[in-house]
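Chains, contacts and geometry: an overview
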Amino acid sequence: MNLIDDLPGLIAFERTAALGSFTAAARELGISLSVVSKRLANFEQRLSIHLLNRSTRRLSLTDEGRQLFAHATRVIAELKLAQETLIRQSEGVSGVLKITAPNGLGRRRIVPLLAGFSSLHPQLQIQLQLSDDVLDLISHGFDLALRYGELPDSSLIARVLAPNRRVLCASPGYLRRRGQPQKLADLARHDCIHIGSTAGTEWHFDDGQSVHITARAICNDGEAAHAMSLAGMGIVLKSFLDVAADLASGNLIQLLPQHAVSAAPLNAVYPRGHQVTPRLRAFIDYIAEQLAPRTLLSGNAPDF
């Protein structure tokens, strides 16, 4: 027999042996005297071993009972410690939090935030996997994914962490050389950095206006286009979440803020039906606060 199959019987035996009576064991366990006696009798029957000598005045352990009692005391103490540890973890932010995020977002936005979150929760270990592939959360054991846009998978829950728009921006150095556009039509005379594959294109904005640009630089990678704008190569139309830190520091200047383009919001995604642990809830709340426009731009955020 596997002893763990009869844990109530093992506990009844250990408490009765430790306290010296069925009555004391029943009182401590919060059950009736008859239940303690029945559990112990069934436990001995399943073991086919006599553990206790019973008399009208006292109980005593058999040789086999003494051997089992030494082991049972350690086993139950370990189980109690494990239970207390799990309770502490369920009430606090500890354990392991496994996260996945896209490469660019992870490096630029999430990694800088992890240090602050970790300092708040020193008992927590964070495992971060960056990938531009949409990884399956359950099969890879992730607690959370950070993703842009709508979710086709109904087995997942998404919480919007931050709104998003694409905004026009350029470096101070570029603007000193070429001047600052005052209206959309001025973009046709400026150096523009286009994320795509064709030189001639139109940029369309949420207010229904558009402008035809001839790109001086074309790049198929958003991170590289961002770097080009920082280097002073021209004006870029880029996700606010990507450029917010540079706007706050002054490395980039937002242009024509009344003109922007809607973009997919950033979501925290986790499996439906899974327990939202304190560590997961704390991380989602922290990221949402840190990615709020007012936080990103220290109160100078555009009106979302």
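All figures in this text were calculated on a predicted structure; none of them were measured in a lab. (Residues numbered from 1 in each chain as written. Predicted model: local features only at pLDDT ≥ 70, side-chain atom pairs only at ≥ 80, totals over all residues. Heavy atoms only, no water.)

With that out of the way, let us pick up the overall build of the protein. Looking only at helices and strands, the protein has 11 helices and 14 strands in total. In terms of C-alpha radius of gyration, the protein reaches 32 Å, well past the compact-globule figure of 19 Å for 304 residues. Every one of the 304 residues in the protein was classed for burial, and the buried ones make up 42%. Once local pairs closer than 6 in sequence are excluded, the contacts in the protein between residues at least 24 apart make up 71%. Surface accessibility of the protein: about 16100 Å² in total, with carbon and sulfur atoms responsible for 51%. (Helix = DSSP H or I, 4+ residues; strand = E, 2+ residues; numbered from the N terminus. Rg over C-alpha atoms; globule rule 2.2 N^0.38 Å. Buried < 20%, exposed > 50% of the residue type's maximum accessible area, 1.4 Å probe, protein only. Contact = heavy atoms within 4.5 Å. Areas by Shrake-Rupley, 256 points an atom, 1.4 Å probe, with all protein chains shown as cover.)

With that settled, consider the packing of aromatic side chains. Counted by the stated rule, this structure contains three aromatic pairs. For the ring pair Phe13 and Phe43, a centre distance of 6.4 Å and an interplane angle of 35° mean the geometry is tilted. Of the two residues, Phe13 sits in helix 1 (residues 7-19) while Phe43 sits in helix 3 (residues 33-47), which places them 30 residues apart along the sequence. Both residues of the pair, Phe13 and Phe43, count as buried. Cluster of aromatic residues (ring-pair linked, three or more members): Phe117, Phe283 and Tyr286. Directly above the aromatic system of Phe142 lies the positively charged group of Lys98, at a separation of 5.0 Å from the ring centroid. (Phe/Tyr/Trp six-rings, centres within 6.5 Å; stacked < 30°, edge-to-face > 60°. Lys NZ or Arg CZ within 6 Å of the ring centre and 35° of its normal.)

The calculated volume of the largest pocket comes to roughly 520 Å³. Lining the largest pocket are 23 residues, and of these Ile195, Gly222, Glu223, Lys238 and Asp242 lie nearest its centre. The set of elements that each furnish at least two residues to the lining of the largest pocket consists of helix 5 (103-120), strand 8 (192-195), helix 8 (222-230) and strand 11 (235-239). The residue makeup of the lining of the largest pocket includes at least three contributed by each of domain 2 (95-162 + 265-291) and domain 3 (165-262). (1 Å grid on protein atoms, 1.4 Å probe; cavity = no way out; pocket = protein on both sides within 12 Å on 5 of 7 lines; lining within 4 Å. Points joined across faces, edges and corners; volume = space filled by probe spheres on them. Domains from an automatic or database assignment.)

Moving on, we get to helix 8. Residues separated by three or four positions in an α-helix point in the same direction, a consequence of the helix having 3.6 residues per turn. The set of residues buried in helix 8 consists of Gly222, Ala225, His226, Met228 and Ser229. Each buried residue of helix 8 lies within a common arc of 160° when the element is viewed along its axis, so the set occupies one face. Turning to helix 8, the residues buried within the fold contact helix 5, strand 8, strand 10 (210-219), strand 11 and helix 9 (240-249). Here helix 8 starts with a cap whose side-chain oxygen sits 3.1 Å from the backbone nitrogen of Glu223, and that cap is Asp221. (Arc of directions from axis to C-beta. Polar contact = N/O pair within 3.5 Å; in protein donor to acceptor, adjacent residues only side chain to side chain.)

Next up on the list: the nonpolar core. Grouped together as the largest cluster of nonpolar side chains are 40 residues, with contacts concentrated most on Leu144, Leu146, Leu161, Leu266, Phe283, Ile284 and Ile287. Ranked by residues supplied to this core, first place goes to helix 10 (residues 278-290) with seven residues. Residues lining this core come from more than one domain, with at least three contributed by each of domain 2 (95-162 + 265-291) and domain 3 (165-262). Excluding anything up to four places from it in sequence, Ile287 contacts Leu113 and Leu161. Leu184, Leu187, Trp203 and Leu256 belong to the second-largest nonpolar core, a separate cluster that totals 16 residues. (Core = buried A, V, L, I, M, F, W, Y, C linked by side-chain atoms within 4.5 Å.)

We now examine the pattern of salt bridges. Scanning the model with the defined rule gives 13 salt bridges in all. Residues Glu223 and Arg108 are paired through a salt bridge, measuring 3.6 Å at the closest nitrogen-oxygen approach. Note that Glu223 is positioned in helix 8 and Arg108 in helix 5, a separation of 115 residues in sequence. What makes Glu223 partly exposed here is its relative accessible area of 26%. For the salt bridge of Asp246 with Arg108, the shortest nitrogen-to-oxygen distance reads 3.6 Å. Here the residue Asp246 occupies a position in helix 9, and Arg108 occupies one in helix 5, the gap between them amounting to 138 residues. The network of salt bridges with shared partners includes Glu14, Arg15 and Glu28. (Salt bridge = Lys/Arg side-chain N within 4 Å of Asp/Glu carboxyl O.)

Moving on: the pairing of strand 8. Pairing of strand 8 with strand 10 involves four bridges; the strand directions are parallel. Bridge pairing in strand 10 places Ile195 opposite Cys219. (Pairing = 2+ DSSP bridges.)

Okay, the domain arrangement of the protein next. Considered domain by domain, the protein is made up of domain 1 (7-88), domain 2 (95-162 + 265-291) and domain 3 (165-262). For domain 2 and domain 3, the distance between their C-alpha centres works out to 29 Å. When domain 2 packs against domain 3, close to 620 Å² is buried across both sides, 50% of that on carbon and sulfur atoms. Sorting the residues of domain 2 by area buried against domain 3 places Arg108, Arg109 and Tyr148 first, and these three jointly supply 71% of that buried surface. In this structure, the connection of domain 2 to domain 3 is made through two salt bridges. Taken together, the links from domain 2 to domain 3 amount to zero residue pairs in polar contact (both at pLDDT 80 or more). Tallying contributions element by element places helix 5 first for the side of domain 2 that touches domain 3, with three residues. Looking at the side of domain 2 that touches domain 3, its residues break down into four nonpolar, one polar and two charged. (Buried area = accessible area lost by both parts, 1.4 Å probe. Nonpolar A, V, L, I, M, F, W, Y, C, P; charged D, E, K, R; others polar.)

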